[in-house]
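This is what each chain is made of:
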Amino acid sequence: MTKKKIIVFMPAHNEEENISGVIARVPRAFHPQYEVEVLVIDDGSKDRTVTVSKAAGADHIVSFPHNKGLGAAVREGLKQCCLLGADIGIMIDADNEYPPEQIPDVLAPIIAGRADYTFGSRFKGQIQGMKLHRRLGNYTFTLLQAILLRRWIYDGQSGMRGFSRDAMENAVIVHDYNYAQVLTLNLVRQGYRLEEIPISYQVRTKGQSFIKFRQYVTSVLPAIYKEMRRPVSKRNVNPQANRDDAGI
């Protein structure tokens, strides 16, 4: 029987110190009906991110000639997953903060057919090392999304997210700087089913985050406004499709 495909994609910018460990920990054979491949979206790295990724076993690498931003990298990752024939995609940050071992947990609701879009939720799980100002920032932006969507969300900034094929094909990210808020607003407004799964999280010990508070706020808030002003069409999500695939 021909197996279906899961692609784990990693946006990466100057992550030579972290990405090999993340790739090595990706579970490759956790479901009998799916094969797993790893895709790296190199966002204009100036270090050895590409070389290290190849050595660590990445199956596919797409490189930007210069740094475009995390939003652009995630948009490209979703596009490439579709072009490479993925039935399911999962994004995980390349900074070693999120647990690749929990990829099966985050994808389980999609494989079972009860969700189209999933978060690895830090605030439903365990967090180590997050500073107070980062925690408050996460709470604030998550609350804003919850208010706009009129539904409770625990971790609107998670860097570990699963997608059905249909969600990947129809997701819209309206700016290049970041994706976290606008992607969720877009998919949930379209009618895709969201589920959050508790994960363990530990703040990076190597490398530097791209987030600078002032730039983040001045980039993200206008993008949220732009997304909420955009009309979206509600989609008829078929709950039976993935259930049939999973043999349920």
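A short tour of the structure in this document, coming up. As the structure is a computational prediction, the values presented were derived from the model and not from experiment. (Residues numbered from 1 in each chain as written. Predicted model: local features only at pLDDT ≥ 70, side-chain atom pairs only at ≥ 80, totals over all residues. Heavy atoms only, no water.)

### Quick word on the environment of Arg161
- Summarising the element assignment, Arg161 is placed in strand S6 (residues 160–164).
- A relative accessible area of 0% places Arg161 in the buried class.
- Once you skip the residues sitting within four places of it in the chain, Arg161 turns out to touch Gly89, Ile90, Met91, Tyr117, Thr118, Phe119, Gly156, Tyr179, Ala180 and Thr184.
- Polar contacts involving the side chain of Arg161 include one to the side chain of Tyr117, which spans 2.6 Å.
- Here Ala180 takes part through its backbone oxygen, which lies 3.1 Å from a polar atom of the side chain of Arg161. (Helix = DSSP H or I, 4+ residues; strand = E, 2+ residues; numbered from the N terminus. Buried < 20%, exposed > 50% of the residue type's maximum accessible area, 1.4 Å probe, protein only. Contact = heavy atoms within 4.5 Å. Polar contact = N/O pair within 3.5 Å; in protein donor to acceptor, adjacent residues only side chain to side chain.)

### Side note on the nonpolar core
- Phe9, Val74, Leu78, Phe163, Tyr179, Leu183 and Leu187 are the most contacted members of the largest nonpolar core, which totals 40 residues.
- When residues of this core are traced back to their parent elements, those giving at least two are strand S1 (4–12), strand S2 (34–42), helix H3 (70–83), strand S5 (117–128), helix H5 (132–149), helix H6 (165–170), helix H7 (180–190) and helix H8 (213–229).
- The leading source of residues in this core is H3, at 7 residues.
- Apart from the residues lying within four places of it in its own chain, the contact partners of Tyr179 are Leu70, Gly71, Val74, Met91, Asp93, Ser158, Gly159, Arg161 and Ile173.
- Core analysis: the next-biggest nonpolar cluster, separate from the first, contains 29 residues, Met10, Ala12, Val22 and Tyr34 among them. (Core = buried A, V, L, I, M, F, W, Y, C linked by side-chain atoms within 4.5 Å.)

### A look at the sheet that holds strand S4 (residues 88–92)
- In space, the 7 strands of this open sheet follow the order S3-S2-S1-S4-S6-S5-S7, with mixed pairing throughout. Edge positions in the sheet fall to strand S3 (60–63) and strand S7 (194–202), since each has one partner strand and no second. Each strand of the sheet is rotated relative to its neighbour by a mean of 20°, with strand direction disregarded.
- In terms of strand pairing, S1 meets S2 through 9 bridges, oriented parallel. Of the residues in S2, the one forming a bridge with Ile6 is Val36.
- Taken strand by strand, H3 contacts S1, S2, S3, S4 and S6, and its axis lies near 160° from that of S1. (Pairing = 2+ DSSP bridges. Axes fitted to C-alpha atoms, helices over the stretch in contact; angles between N-to-C directions.)

### So, the environment of Ile6
- Its place among the elements puts Ile6 in strand S1.
- Here the alpha-carbon distance between Ile6 and Glu37, two residues 31 residues apart in the chain, equals 6.4 Å.
- Here Ile6 is in contact with Phe30, Tyr34, Glu35, Val36, Glu37, Ile88, Ile90, Leu107 and Ile111, once residues within four sequence places are set aside.

### Some remarks on the packing of aromatic side chains
- Scanning the model with the defined rule gives 6 aromatic pairs in all.
- With a centroid separation of 6.2 Å and 90° between ring planes, the pair formed by Trp152 and Tyr154 is classed as edge-to-face.
- On the accessibility criterion, Trp152 (54% relative accessible area) is exposed.
- Put simply, the rings of Phe9, Tyr117, Phe119 and Phe163 pair up and form one aromatic cluster. (Phe/Tyr/Trp six-rings, centres within 6.5 Å; stacked < 30°, edge-to-face > 60°.)

### Re H7
- Burial within H7 is extensive, with 11 of its 11 residues counted as buried.
- For H7, the complete set of buried residues consists of Ala180, Gln181, Val182, Leu183, Thr184, Leu185, Asn186, Leu187, Val188, Arg189 and Gln190.
- In the segment just after H7, Gly191 is the residue with positive phi, at about 105°.

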